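Residue-level listing of the chains:
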Amino acid sequence: MKFSELFYSIQGEGQLIGVPSVFFRTGFCNLRCIWCDTPYTSWQPESKEISVEESVTTIMGFNCRHTVITGGEPFIQTEDLISLCHLLTERGQHVTVETNATVFAEVEADLISMSPKLENSNPPANNRHFSRHQRERINRSVIQRFLARYSCQVKFVVDDPEDLTEIQDLQAEIEIPPETIVLMPQGVRPDQIQDKQAWLIELCKTHGYRYSPRLHIDIWGDQRGV
Ligand code: SF4
């Protein structure tokens, strides 16, 4: 399997924030967000390899009940992801899979953590990745299939108050339950997060969405493996 990191930390975002978890970060992504906080999986992808069996042994060695499979985009390595989720579930792990929700596959998971990408993620129009990113970043039927089949959260990275219009349009169009929606400020440094959190919390209060800090950035900034 292509991967970039495997480490033990705490979940920094979303419904399970603060829960000690082992993170397995797969390599490669089908999107190219302008503000991607893991460019070593997307813009300049590394190509380290690990077998599914070896990754399971390493994950279980941390003696932690929660595993978060993240990326990159885990679902583009479909067969390996299916095996990995199966072996971890068989060993009693609580499995979260984080995804940009553009590719669907049936996996054994306790939580599908979707993060559909808004227009604020587009690379510049003259970048060679622009057209594909813009075309593929929202896949309505994939989001609906995950919502119908799994316990889900739907996290949106918000850069500007005007992003709320896009979120509300999508929520209405494909009937995303409001209680699954989590809004997080865009930023890869603590000061960028802090600049946005006050107005974003007010928007969450107005619309009944959950606000999530990004603890790992607040604590460690733009560091890998934390
Ligand atoms: S979907 Fe995630 S990993 Fe892929 S480019 Fe966007 S932020 Fe980076």
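Because the structure is a prediction, the values reported are computed rather than measured. (Residues numbered from 1 in each chain as written. Predicted model: local features only at pLDDT ≥ 70, side-chain atom pairs only at ≥ 80, totals over all residues. Heavy atoms only, no water.)

A. Broad picture of the environment of lysine 196. In this structure, lysine 196 sits in helix α6 (residues 190–207). Here lysine 196 falls in the buried class, since its relative accessible area comes to 13%. When the C-alpha positions of lysine 196 and glutamine 186 are compared, they lie 7.9 Å apart, and in sequence the two are ten residues distant. (Helix = DSSP H or I, 4+ residues; strand = E, 2+ residues; numbered from the N terminus. Buried < 20%, exposed > 50% of the residue type's maximum accessible area, 1.4 Å probe, protein only.)

B. Structural detail: the site of the ligand. In the neighbourhood of the ligand, the contacting residues comprise Cys29, Leu31, Arg32, Cys33, Cys36, Thr38, Thr41, Ser42, Gly72, Asn100 and Lys117. Among the residues forming the shell around the ligand, the class breakdown is four nonpolar, five polar and two charged. (Near = heavy atom within 4 Å. Nonpolar A, V, L, I, M, F, W, Y, C, P; charged D, E, K, R; others polar.)

C. Region of the structure containing the pattern of salt bridges. By the definition in use, this model includes 17 salt bridges. A salt bridge links glutamate 5 to arginine 224; its shortest N-O distance comes to 3.1 Å. With a gap of 219 residues between them, glutamate 5 in strand β1 (residues 2–10) and arginine 224 in the segment after α7 (215–220) connect regions that are remote in the sequence. Residue glutamate 5 is classed as buried on the basis of its relative accessible area of 6%. One connected set of salt bridges, linked through shared partners, spans Glu13, Asp37, Glu98, Lys155 and Arg214. (Salt bridge = Lys/Arg side-chain N within 4 Å of Asp/Glu carboxyl O.)

D. Summary view of the packing of aromatic side chains. Using the criterion set out here, one finds six aromatic pairs in the structure. An angle of 10° between the planes, with centres 5.3 Å apart, marks the rings of phenylalanine 7 and phenylalanine 23 as stacked. Of this pair, phenylalanine 7 sits in strand β1 while phenylalanine 23 sits in strand β2 (residues 20–26), and the two are 16 residues apart along the sequence. The same class applies to phenylalanine 7 and to phenylalanine 23, which are both buried. Considering the side-chain rings of phenylalanine 146 and tyrosine 150, the 6.1 Å spacing of their centres and the 50° angle between planes classify their relative orientation as tilted. Looking at tyrosine 150, the relative accessible area reads 9%, which means it is buried. Among the aromatic residues, ring-to-ring pairing joins Phe75, Phe104, Phe146 and Tyr150 into one connected group. Here lysine 48 stacks its cationic end above the ring of phenylalanine 3, 5.1 Å away from the centre of that ring. Sitting above the plane of the tyrosine 150 ring, arginine 149 keeps its charged end 4.6 Å from the centroid. (Phe/Tyr/Trp six-rings, centres within 6.5 Å; stacked < 30°, edge-to-face > 60°. Lys NZ or Arg CZ within 6 Å of the ring centre and 35° of its normal.)

E. Focus on the sheet that holds strand β7 (residues 152–158). Spatially, nine strands are ordered β3-β1-β2-β4-β5-β6-β7-β8-β9 in an open sheet, and the strand pairing comes out mixed. Bordering the open sheet on either side are β3 (48–49) and β9 (210–211), each of which pairs with just one other strand. Examined bridge by bridge, β7 and strand β8 (residues 181–185) share five bridges and lie parallel to one another. Considered in β8, the bridge of valine 158 is made with proline 185. Across the sheet, helix α4 (residues 140–149) touches β5 (94–99), β6 (111–114) and β7, and the angle it forms with β6 is around 155°. Packed onto the sheet, α6 meets β7, β8 and β9 and runs at close to 150° relative to β8. (Pairing = 2+ DSSP bridges. Contact = heavy atoms within 4.5 Å. Axes fitted to C-alpha atoms, helices over the stretch in contact; angles between N-to-C directions.)

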